[in-house]
Amino acid sequence: MDIRVAISNTAIFIAVYSFVLGIPVWIGFKFLGKGAWLLPIGLMALFATLGPFIYLYVQKQAEDKLLQEQRRYQATLRQASAGMGKIKDLKKLLNMIVYVLTHAIQIEHASIYIHDKEKKQYFLGAIKRKSGHKQFLDKISENSSLIRYLLDDKNLVIYEEFKQKSQDFKGLTLGQVEEDISSLDGELIAPIFIEGSIIAIIVMGKKESGKIYTQDDISVFGILANQTALAIENAKFYEDMKLTQEQLFKAEKMATIGTMADGLSHQINNRFHALGFIAGDALDTIHLNQKEALSSEKSKEVMAELERALVRVQENVTQGGEIVQGLLKYTRKGETGFAAVDVDAVFKAALEMTQFKIKTQQLKIIREYDVATIPKIKANFTQVQEVFFNLIDNGYDAMMQRKDERREPDYQPTLIVRVFKEDGYVEIIFEDNGVGVKDEDMSKMFTPFFTTKLSSKKGTGLGLYVIRKIIEENHGGRVEMVSKYMHGTQMKLRLPIAIG
Amino acid sequence: MAKLLIVDDESDIREFARNFFKKRKIDVFVASGGRQALEIISQEKPDLVLLDVRMEEITGIEVLRQLRQANLNVKVVMVSGVEDEETIKEANALGVLGYIHKPFILEELEKIVLAQLNS
């Protein structure tokens, strides 16, 4: 409090009380004489001074007592409102809202309906029913009287109060609105608005205590409704984001497959080519030996030749199948779950995939780790395989670029992979001696669609972005990049150890 | 006897092509890579070389270039899978008899080989 306000308040207090208490003291002194009057007047002065404080204290206690229940649930609702914004999963959010409402306010049931623009309906998103047996509706039409009424009135509707209104409302028969509310078994209907349209409707049942909803309740629901609106928008936005991100991931994968097409078609073509030769030679053997009856010696020889050919046919078919399997392993969405994963196995799988895109023979790949001592990581195999694939591929491109640009006579492109345990994590380092990254590009390396790769055909600009998303967001790990231009790049990954 | 060299890094191609041409009284040599091919060519002087374009060690085009540098005027038929226009042009510039695209069947190859060996 301002010191001047404090002084002035004290001065006013003294002035008023000197006057109010001074008058009886002066009268007693003047007309009653010393003695008898002093005690009652003194007590009166004391009580008069204390009176207002006692009054305020008792009033607060009484109010607290009376409104205790309401305050308790209002506090819960406020807390819940504040926490809602953090929930990114729409379904979870809706479940939490109805759960909190039924338990905090002690009502028979609560449900929430979410707007579906395309289907022009509000679909039941979550329901919590503690008591009562009435059936719920799974959807409310956009054209129902209730929605039209809420759009116009923009306020909460309390059924008890609503029933008392009898006149018609802007062409809508209130009776129909009343029927709609009653079919929802709703005691209180709260529309959730965003920019003039109702994105959701909360329906609450009767209080289990039988009490009616008060004005105080409504003001709390006002806050709740605003928070709910933001939280729902937030969750919906996040879901859209996730979808966009998935599409982005997929685009990146598809682009990679595009660059692998050349290698893949070469390999598959080679299988067909070999099959053609094997079959051609076998047919030739048959044709050459058809004309005359064969000695048992010769027929044994022919049979052996044909057997050899058919064995090779099978072998080539198996190889072809493996190529297709490898591709499918990479393209399909992959298992969504996390498991204890062997880093070396992922590395091998990734290396297998890179064969289709790059000539790994041109690299010296050094695995500086002891398979026996590395703990397993808690990871999604397919996702980490994609990360490793991208890192090997990036290293290769960087080294080939250096090789082509510098033409250093003794240059040996070398990729070193180190894996070790550190600080309760598994640290994985891919180190190449390629072109490296210029300082001015360093800050942009993880930006989507940014690429330093020479031909725009080669890079989507999504590789590192996707790597960071996979490692940091999906796995709770960390990605770090250290690079020196014309010396090389180190990509450091840190992934959590699998427990058990 | 006419000498034929087959250069391919696929062992099945080498094995079965050799089987096939042996039955036609042709002396068949095989090489799994460019270096081996260059060695055989300089030693054996084959009448015809079937040269795969895409190989791990050194490419068919590179083998061809080194052959021409060493003035070895051996007849070469290139065998290719999914190569682009540029590779074909380069091969033509270095003087090849022709270009066969994979996959093809042995009978086709036989016609080409016999035609070249008899000419």
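These numbers come from a predicted model, not from an experiment.

## Here we look at the overall build of chain A
Okay, step 1: Within chain A one finds 12 helices and 13 strands.
Okay, step 2: Within chain A, residue pairs in contact and separated by at least 24 positions form 67% of the contacts whose partners lie at least 6 positions apart.

## Description of helix H1 (residues 3–32) of chain A
Okay, step 1: With 30 residues, H1 of chain A should cover 44 Å at 1.5 Å per step; its first-to-last C-alpha distance of 42 Å lies within 8% of that length.
Okay, step 2: Along its length, H1 of chain A reaches its greatest deviation from straightness, about 35°, at Gly 22 of chain A, and the proline Pro 24 of chain A lies no more than four positions downstream.

## What to know about the sheet that holds strand E3 (residues 139–141) of chain A
Residues and elements named next belong to chain A.
Okay, step 1: The sheet built from 6 strands is open, its strands ordered E3-E2-E1-E6-E5-E4 with antiparallel pairing. Where the open sheet ends on each side, the last strands, each with one partner, are E3 and strand E4 (157–158).
Okay, step 2: Of the strand pairs in this sheet, strand E5 (residues 188–194) and strand E6 (residues 197–204) are connected by 7 bridges, and their pairing is antiparallel. Note that in E6 the partner of Pro 191 across the bridge is Ile 201.
Okay, step 3: With respect to the sheet, helix H3 (residues 90–105) is in contact with strand E1 (109–116), strand E2 (121–129) and E6, its orientation differing from that of E2 by roughly 50°.
Okay, step 4: Contacts between helix H4 (residues 145–153) and the sheet are confined to E3, E4, E5 and E6, with E6 contributing the most and set at about 115° to the helix.

## With respect to the pairing of strand E2 (residues 27–31) of chain B
All names here are of chain B.
Okay, step 1: As paired strands, strand E1 (residues 3–7) and E2 are joined by 5 bridges and run parallel to one another. Bridge pairing in E2 links Ile 6 to Val 30.
Okay, step 2: Regarding the hand of the β-α-β motif, the stretch spanning E1, helix H1 (residues 11–22) and E2 is right-handed.

## A look at the sheet that holds E1 of chain B
All names here are of chain B.
Okay, step 1: Strand order in the open sheet made by the 5 strands is E2-E1-E3-E4-E5, with parallel pairing throughout. With partners counted over all chains shown, the strands left at the sheet margins are E2 and strand E5 (98–101), one partner each. Here the average twist between neighbouring strands, direction ignored, is 20°.

## Some points on the confidence of the model for chain B
Okay, step 1: For chain B, mean pLDDT is 89; residues scoring 70 or higher make up 98% of the total.
Okay, step 2: For this predicted complex, the interface score ipTM comes out at 0.90, alongside a pTM of 0.53.

## Regarding the nonpolar core
Residues and elements named next belong to chain A.
Okay, step 1: Membership of the largest hydrophobic core comes to 44 residues, with the highest contact counts inside it found for Ile 97, Leu 101, Ile 112, Leu 188, Ile 201 and Ile 202.
Okay, step 2: Here this core gets 8 residues from one element, more than from any other, and that element is H3.
Okay, step 3: With residues up to four places along the chain from it excluded, the contact list for Leu 101 reads Ile 107, Ala 110 and Met 204.
Okay, step 4: Among the nonpolar cores identified, the runner-up in size contains 37 residues, and Phe 347, Leu 391, Tyr 396 and Phe 430 belong to it.

The rules behind the values
- Residues numbered from 1 in each chain as written.
- Chains lettered and ligands numbered in written order.
- Predicted model: local features only at pLDDT ≥ 70, side-chain atom pairs only at ≥ 80, totals over all residues.
- Helix = DSSP H or I, 4+ residues; strand = E, 2+ residues; numbered from the N terminus.
- Contact = placed C-beta atoms within 7 Å.
- Expected span 1.5 Å × (residues − 1).
- Bend = angle between axes of the 7 residues up to and from the residue.
- Pairing = 2+ DSSP bridges.
- Axes fitted to C-alpha atoms, helices over the stretch in contact; angles between N-to-C directions.
- Right-handed = clockwise from strand over helix to strand, strands pointing away.
- pLDDT = per-residue confidence, 0-100.
- Core = buried A, V, L, I, M, F, W, Y, C linked by C-beta atoms within 7 Å.
- Buried ≥ 20, exposed ≤ 12 C-beta atoms within 10 Å, placed from the backbone.

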